[in-house]
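Analysis of the macromolecular model
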Amino acid sequence: MDSALSDPHNGSAEAGGPANGKTRPPSTPEGIALAYGSLLLMALLPIFFGALRSVRCARGKNASDMPETITSRDAARFPIVASCALLGLYLFFKIFSQEYINLLLSMYFFVLGILALSHTISPFMNKFFPVNFPNRQYQLLFTQGSGENKEEIINYEFDTKDLVCLGLSSIVGVWYLLRKHWIANNLFGLAFSLNGVELLHLNNVSTGCILLGGLFIYDVFWVFGTNVMVTVAKSFEAPIKRIFIALLLRFDISLKKNTHTYFYTSFAAYIFGLGLTIFIMHIFKHAQPALLYLVPACIGFPILVALAKGEVTEMFSYEESSPKDPAAVTESKEGTEASASKGLEKKEK
């Protein structure tokens, strides 16, 4: 739903008309510049910092702390699932009162936003705690069954510092719930995006191409083919995609050349595509499917660089196995055991 960008001119969802039953004052050049600037900042910050954090997350030692990996099958199904969710929201807004639906969604994002924001600020807040801070460890554990059949449903470890971050995030959550202020809304949006880039990984470039290609068709169809995307975007009062660029950063690191060529290329391509989207929207005064411009840029630019450097094969053969995949875990154990055996043989010699 963040794909459809609406024109900020006229200060309302429709030119000269009310938005959500409230008439807004006409927009000014300064207001338009602020809106476009905020849009660029909101889009770029999660990509850059989320990609950096995704590298640290991928290097985690515990398999339970590792990110979820999106496979090609997941990527192919995602546009279908997204279309069903979008159409469902559209029908809900048409059938039920918009006020009650937004209240329900606000409560939903209030809870998720607090958790996402707390996870986002936790690494930064740790630097501000004094050395002698009384930090205690806690564990939230839910199990099912008993004895040998006992199965863990939730096993979450946290400490006092995490609780402080949760409290600070709750203040922002209450601010968002009561005022719907754009800063609180954007903080939640940033937290959702950053966590998505950090904790959701594509397993290879081909999967990224499948995902972006499917979303390209999804975005163009629902924006230009129907009024569904724009209607939901205007009615949906909740904070509002960027995993492919993080994958290219990890591919850069895997090349071990101490350069981030593909990451910076895809990042520049994203800026170019988003800028082109805003330019077209500004000229034609009509909502635009951002992926119509972002997908060709984000896929095309890195592939052109790979062609120029002769690294297309390396790019498409780069693979990230899921840490929760039993086969991957088995291979990892086998590799560790093989290394240990070689080490013992050398010592014996």
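Data block above holds the structure.
Structural notes, computed from the coordinates. (Residues numbered from 1 in each chain as written. Predicted model: local features only at pLDDT ≥ 70, side-chain atom pairs only at ≥ 80, totals over all residues. Heavy atoms only, no water.)

Below, the discussion takes up the overall build of the protein chain. Tallying secondary structure elements over the protein chain gives 12 helices and 6 strands in all. Within the structure as shown, the protein chain displays about 20,200 Å² of accessible surface, and the carbon and sulfur contribution to it stands at 64%. (Helix = DSSP H or I, 4+ residues; strand = E, 2+ residues; numbered from the N terminus. Areas by Shrake-Rupley, 256 points an atom, 1.4 Å probe, with all protein chains shown as cover.)

Of all hydrophobic cores here, the largest spans 52 residues; its most connected members are Leu-86, Leu-202, Tyr-218, Val-232, Phe-244, Tyr-270 and Met-315. The element contributing the most residues to this core is helix α8 (residues 243-255), with 8 residues. One finds Ala-116, Tyr-176, Ala-184 and Phe-188 within the second-largest nonpolar core, a separate group that totals 10 residues. (Core = buried A, V, L, I, M, F, W, Y, C linked by side-chain atoms within 4.5 Å. Buried < 20%, exposed > 50% of the residue type's maximum accessible area, 1.4 Å probe, protein only.)

Across all of its chains, the model carries 16 aromatic pairs by this definition. Ring geometry for Phe-48 against Phe-49: centres 5.5 Å apart, planes inclined by 80 degrees, an arrangement best described as edge-to-face. The class of Phe-49 is partly exposed, set by a relative accessible area of 39%. For the cation-ring pair, Lys-180 lies above Tyr-176, with the distance from its terminal atom to the ring centre recorded as 5.3 Å. (Phe/Tyr/Trp six-rings, centres within 6.5 Å; stacked < 30°, edge-to-face > 60°. Lys NZ or Arg CZ within 6 Å of the ring centre and 35° of its normal.)

This paragraph deals with the pairing of strand β4 (residues 151-159). Taken together, the 8 bridges between strand β3 (residues 137-144) and β4 define a ladder with antiparallel strand orientation. For Tyr-138, the partnering residue across the bridge sits in β4 and is Phe-158. Taken together, β3 and the strand that follows it, β4, pair antiparallel across an intervening segment of 6 residues, in which Gly-145 is found at a positive phi of about 85 degrees. (Pairing = 2+ DSSP bridges.)

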